[in-house]
Amino acid sequence: MGRKIVRHIIRVVPSLLLFLLLGLPLIVLLLQWLGGAERSVLLSFMNRETLLLVGKSLLMACSAALLATFTGTVCAFILYKLRFAFTGIYKLALLLPLLISPYIFAVAWKDGFFWLFGNNAAIYSEVGVILIHTLVFFPLAMLIMGSALSRIDASYEEAGLMVIPFGKMLVKIVLPLIRPALTISFLLILIFSLSDFSVPAFFGERTFTTEIFTQFSALYNFPLAIGQSVLLLFVCLLLMLAETRYLSDAPFFSVSVKGSGSKKYKMRNWQVFLHGLLWLLLILVLLMPVLMLVIQSLSGKALFFSEAWMLMRSAALQSVKLALWSTLLLTSVGLWMAYIKERLGNRLPNLLLLLTFIVPSTVLGIALIKYYNLPVVNFVYGTTAILLLAYLGKFGFIASRIIGNGIRQIPVSLEEAALVMGIPSWKIFVKINLPLLFPSLFAAFVLSFILSLGELGVTMLVYPPGTEQMPMKIFTISANAPQALTSSMTLISLAVTVFFIGVFFLCGKILFKKFRYA
Amino acid sequence: MKRFLNNIILPVILGLASCSAPSDEVVVYTSVDQVFSEPVLKDFEKETGIRVRAVYDTEETKSTGVMNRLIAEKNNPQCDVFWSGDPVRNGVLLSKGITEPYQSKQTLLIPEHFREKDNHWIGFSARARVLIYNKNLIAADSLPQSIFDFTDPAYKGQFAIANPLFGTTTFHIAALFMKLGDEKAKQWMNNMKANDAVIAASNGDVKKRVMNGELAFGLTDTDDAFEAKKESDNVDYIFLDQQKSSIGTLIMPNAVSLIKNSRNAENGKQLIDYLLSRETEVKLAVSCAQMPLIKGTPVPENVPSLDKIKAMKIDYDKTSNKLEEIQPWLKQWAEK
């Protein structure tokens, strides 16, 4: 009886809490929009021009998602399925573009084009936006596909190779097995690309997201902007729901393989070609933008690194502290949500996190302001607690899915055996589940840290007065500071992030050894 | 337990208590570039002992953060003072009932022309619109002398203006609509577009493209031009429309407003007086070449004096209203 009540509490409380903290602000905003605006305004965004713009934005995002997924899959296959030197270093280096904001990428590539060809007109186009989004987001696809490829049981491939050639085996066996991961990779990148404002705005390309931004920031037309956001949300949700099976069950971001071994192939004759290919990619996605930043930071009349550090020091410290708190929150809530979904069958909290994940940042920010800006909850709105809530809304879904995939890999029989022996549930969770989940928790922790440290969209709207956050500082200083100073600040921010990732990986290595039975 | 009390319960109680207790702080939201506004606010903090809690944003990215915040926070304002780089945003806040009039001895030092009639916003330290050019790409004597020369085929595809939906460019265009009338202004803009004007993302983008040598010249603000000159020897700037019969160049003052029902209104008023002081105008002249509005304020040699520039004569409030009126047309123009 007692166990049932505990299970019930564990099931209901998170749904209720998440609903009150993150779901209700969005509903309140929606109701205010429906109640406040005139009917003509409510429907004014439903016209041919808007629908064409949605179509164009979807087409651009689809192209970027396709290219990024293809590139990521090729990389993942090379790095996770082929046996050759330095794969570990390549894996880490190719993930680094995730730490650079799309906007910085766009600036670096534009300058790079001009530097190389003396003309950068070609990049101010849809092609430029698609190129940058492909380069920025393909590491996500590589992560997801790498995880999926590692999970394929070697026996399937070996059995296939006995009767059909390698190429046919890839098409007939590997491809169907990784199809869910391909779908989730495509969808995630599609949503990231669709909701990015900075790159299309910088290249002067009109997309649906820039349109929403224009309504918010140039025309201050809240009802229309929120209406358009609802349409964007509807499009994203439709895509997500159409693939809900994949989204819920796809093995994305799994970080370990339990109970199966993946087959690796030797490619002796292709070594030079593969290294060449990976280096080319490294040049495009990492060395080129970083080189441009270094050149720009050294091109001023003076060296700005010391001034940049003085400007960034306090913001960097505050940002790292906040990102650590946010990471702890995201990992804990992610674990809770993942557990109740995978083990107790409650999908609602995850659906709510999915909703807040795909809501445009500006809309989420305004919803939080309208809901929390009351004297009685000023201890939330006036402090960094509001940022923690915002990050939970933005990245809770990702943390929850990474951990959820880890949970799904743990055989239920282990818990059942412990239950039969009369061991209490909490002890089973602490002694069996947690150690086995360690790699997934670690991956969720690192990714949450990276995402929290670089978040700008909602931070800009809700960060408490008097505090400083690293992305905000670069964003506001870069407006009128010398290019060399801005580039120096960006390099420092990159160095801070890489430093902490390095520290986490070192700690992870030690802890992985301790929990090696996981 | 003690730690729980210290870390969780006490901050909550203090947070709740702070909602009503008067505090020795002031909250300012500003869209003036942080690199220029932060030192001024820090000096105020040092001189008065009043803690400044600032939220920074930038015109470069359309002041989205602070403007949307101010509008969304209307019923429970967190901000005491809004300091903007131009009066347009203060005008928007005024139209939404978010600002409050404020008048003091200090506000009276500012010429009437640079104040809202009821003092919902008060101007200080101004910037002007200028033409920035790359000396390697165009000779000084070949430059356009008037903004209307931008339609000359000789300059086809060689110049940029920032997106007229945002920032100071939007105000500049609204001022031109006021001066020329809608029909002539629209014709001029269409001709300029037909002359392959490059629409840059922002004034900063115009500056960078001219500095890099991507374009020969562009329209921007004095502070951008001043920074560009500091960064590169290949760049210089001129004021347009300075001839006797010309319309003059647009002057845009900073604008400061007191927020209605703000929590630290008295501290806010002190900050406004500080921003409107001669000392602040001198600081802004030194840091970003802004031109003081208070007569007799000393300025460095490289900072232009308002007395020596032919300014476009406009009514700032009417121009703000015109801006709201022409925004839909500008949006169409920019997206065409």
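Since the model is a prediction, treat every value here as computed from it, not as a measurement. (Residues numbered from 1 in each chain as written. Chains lettered and ligands numbered in written order. Predicted model: local features only at pLDDT ≥ 70, side-chain atom pairs only at ≥ 80, totals over all residues.)

**Observations concerning the overall build of chain B**
A count of helices and strands for chain B gives 12 helices and 10 strands. Against the 2.2 N^0.38 benchmark of 20 Å for 336 residues, chain B shows a C-alpha radius of gyration of 21 Å, consistent with a compact globule. For chain B, the spread of C-alpha atoms along the three principal axes comes to 75 × 45 × 40 Å. Burial statistics for chain B: of 336 residues in total, 53% are counted as buried. Within chain B, contacts between residues separated by at least 24 positions form 75% of all contacts whose residues are at least 6 apart in sequence. (Helix = DSSP H or I, 4+ residues; strand = E, 2+ residues; numbered from the N terminus. Rg over C-alpha atoms; globule rule 2.2 N^0.38 Å. Buried ≥ 20, exposed ≤ 12 C-beta atoms within 10 Å, placed from the backbone. Contact = placed C-beta atoms within 7 Å.)

**Some words on the overall build of chain A**
The helix and strand tally for chain A stands at 23 helices and 2 strands. Relative to the globule expectation of 24 Å for 518 residues, the C-alpha radius of gyration of chain A, 24 Å, shows essentially globular dimensions. Each of the three principal axes of chain A carries a C-alpha extent, and together these read 65 × 65 × 50 Å. A total of 518 residues make up chain A; the buried ones form 48% of that total. Put simply, of all contacts in chain A between residues at least 6 apart along the chain, 84% involve residues at least 24 apart.

**So, the nonpolar core**
Core analysis: the largest hydrophobic core is formed by 245 residues, its most contacted members being Ile189 and Leu368 of chain A together with Val28, Val81 and Ile132 of chain B. Residues contacting Leu368 of chain A, with those up to four places away along its chain left out, are Pro25, Ile386, Leu389, Ala390 and Val462 of chain A. (Core = buried A, V, L, I, M, F, W, Y, C linked by C-beta atoms within 7 Å.)

**Remarks on the packing of helix H5 (residues 102–117) of chain A against helix H6 (residues 126–150) of chain A**
All names here are of chain A. At their nearest, the axes of H5 and H6 sit 10 Å apart, and the two run at 130° to each other. The angle between H5 and H6 places the two elements in the oblique class. Relative to H6, the crossing made by H5 is right-handed. Residues Pro102, Phe105, Ala106 and Trp109 of H5 touch H6, and the partners they reach there are Ile132, Leu135 and Val136. Its residues assigned to classes, the contact of H5 with H6 shows 7 nonpolar, no polar and no charged. (Axes fitted to C-alpha atoms, helices over the stretch in contact; angles between N-to-C directions. Parallel < 35°, antiparallel > 145°, perpendicular 65-115°, else oblique. Left-handed = near helix turned anticlockwise from the far one by under 90°. Nonpolar A, V, L, I, M, F, W, Y, C, P; charged D, E, K, R; others polar.)

**So, the interface of chain B and chain A**
Residue-level contacts link 45 residues of chain B with 36 residues of chain A. Those elements giving two or more residues to the side of chain B that touches chain A turn out to be helix H1 (2–18), helix H2 (34–48), strand S2 (51–56), helix H3 (64–72), helix H8 (203–212), helix H9 (222–231) and helix H12 (316–335) of chain B. Ranked by residues supplied to the side of chain B that touches chain A, first place goes to H3 of chain B with 7 residues. Considering only residue class, the side of chain B that touches chain A consists of 17 nonpolar, 13 polar and 15 charged.

**Description of helix H10 (residues 208–217) of chain A**
Where burial is concerned, most of H10 of chain A is hidden: 10 out of the 10 residues are buried. Phe208, Thr209, Thr210, Glu211, Ile212, Phe213, Thr214, Gln215, Phe216 and Ser217 of chain A are the residues of H10 of chain A that are buried.

**Describing the pairing of strand S1 (residues 25–30) of chain B**
All names here are of chain B. Among the 6 residues in S1, 5 count as buried, and that is most of the element. Two strands pair when backbone bridges link them, and S1 and S2 are joined in this way by 6 bridges, in the parallel orientation. Its bridge partner lying in S2, Glu25 is registered against Arg51. You can see the chain leave S1, run along H2 and come back into S2, and the turn it takes is right-handed. Relative to strand S3 (residues 81–84), S1 runs parallel, the two being bridged by 3 bridges. Pairing of Tyr29 across the sheet is with Phe82, part of S3. (Pairing = 2+ DSSP bridges. Right-handed = clockwise from strand over helix to strand, strands pointing away.)

**Observations regarding the environment of Asp241 of chain B**
All names here are of chain B. Tracing the backbone shows Asp241 in the loop between strand S9 (235–238) and strand S10 (251–259). Among the residues examined, Asp241 registers 21 C-beta atoms within 10 Å and is labelled buried. For the pair Asp241 and Leu143, spaced 98 residues apart in sequence, the C-alpha to C-alpha distance is 12 Å. Here Asp241 is in contact with Ser146, Ile147, Ser246, Ile247, Gly248, Thr249 and Lys310, once residues within four sequence places are set aside.

**Remarks on H5 of chain A**
Note: α-helices contain 3.6 residues per turn, so residues at a spacing of three or four share the same orientation. An ideal rise of 1.5 Å per residue puts 22 Å on 16 residues; H5 of chain A measures up with 22 Å between its terminal C-alpha atoms. Among the residues of H5 of chain A, those classed as buried are Pro102, Tyr103, Ile104, Phe105, Ala106, Val107, Ala108, Trp109, Lys110 and Asp111 of chain A. (Expected span 1.5 Å × (residues − 1).)

**Side note on the environment of Phe77 of chain A**
All names here are of chain A. Locating Phe77 in the fold gives a position in helix H3 (residues 48–81). For Phe77, a count of 18 C-beta atoms within 10 Å translates into the label partly exposed. For Phe77 and Leu149, which are 72 residues apart along the polypeptide, the C-alpha to C-alpha distance reads 7.2 Å.

**Points about unusual backbone geometry**
For residues other than glycine, phi is negative in most cases, and the peptide bonds are mostly trans. All names here are of chain B. Positive phi, normally seen in glycine, also occurs at Asn119, with a value near 65°. Within the secondary structure, Asn119 is located in the loop between helix H5 (105–108) and strand S5 (122–134). Despite not being glycine, Asp241 has its phi angle at roughly 55°, a positive value.

**Some details on the packing of helix H14 (residues 305–342) of chain A against helix H18 (residues 385–408) of chain A**
All names here are of chain A. Two elements in contact, H14 and H18, have axes whose closest approach is 6 Å; the angle formed by their N-to-C orientations is 50°. Classified by the angle between their axes, H14 and H18 sit oblique to one another. Like other packed secondary-structure pairs, H14 and H18 cross with a definite hand, here right-handed.

**With respect to the confidence of the model for chain B**
Scored by pLDDT, chain B comes out at a mean of 88, with 91% of its residues at no less than 70. Scored below 50 in pLDDT, residues 1–21 of chain B shows 13 contacts in the model against residues more than four places distant or in partner chains. (pLDDT = per-residue confidence, 0-100.)

**Overview of the environment of Ser84 of chain B**
Residues and elements named next belong to chain B. Within the secondary structure, Ser84 sits in strand S3. In this structure Ser84 comes out as buried when scored by C-beta crowding, with 28 C-beta atoms within 10 Å. For the pair Ser84 and Asp57, spaced 27 residues apart in the sequence, the C-alpha separation amounts to 9.7 Å. Setting aside residues no more than four positions away along its own chain, Ser84 makes contact with Ser31, Arg89, Asn90, Asn254 and Ala255.

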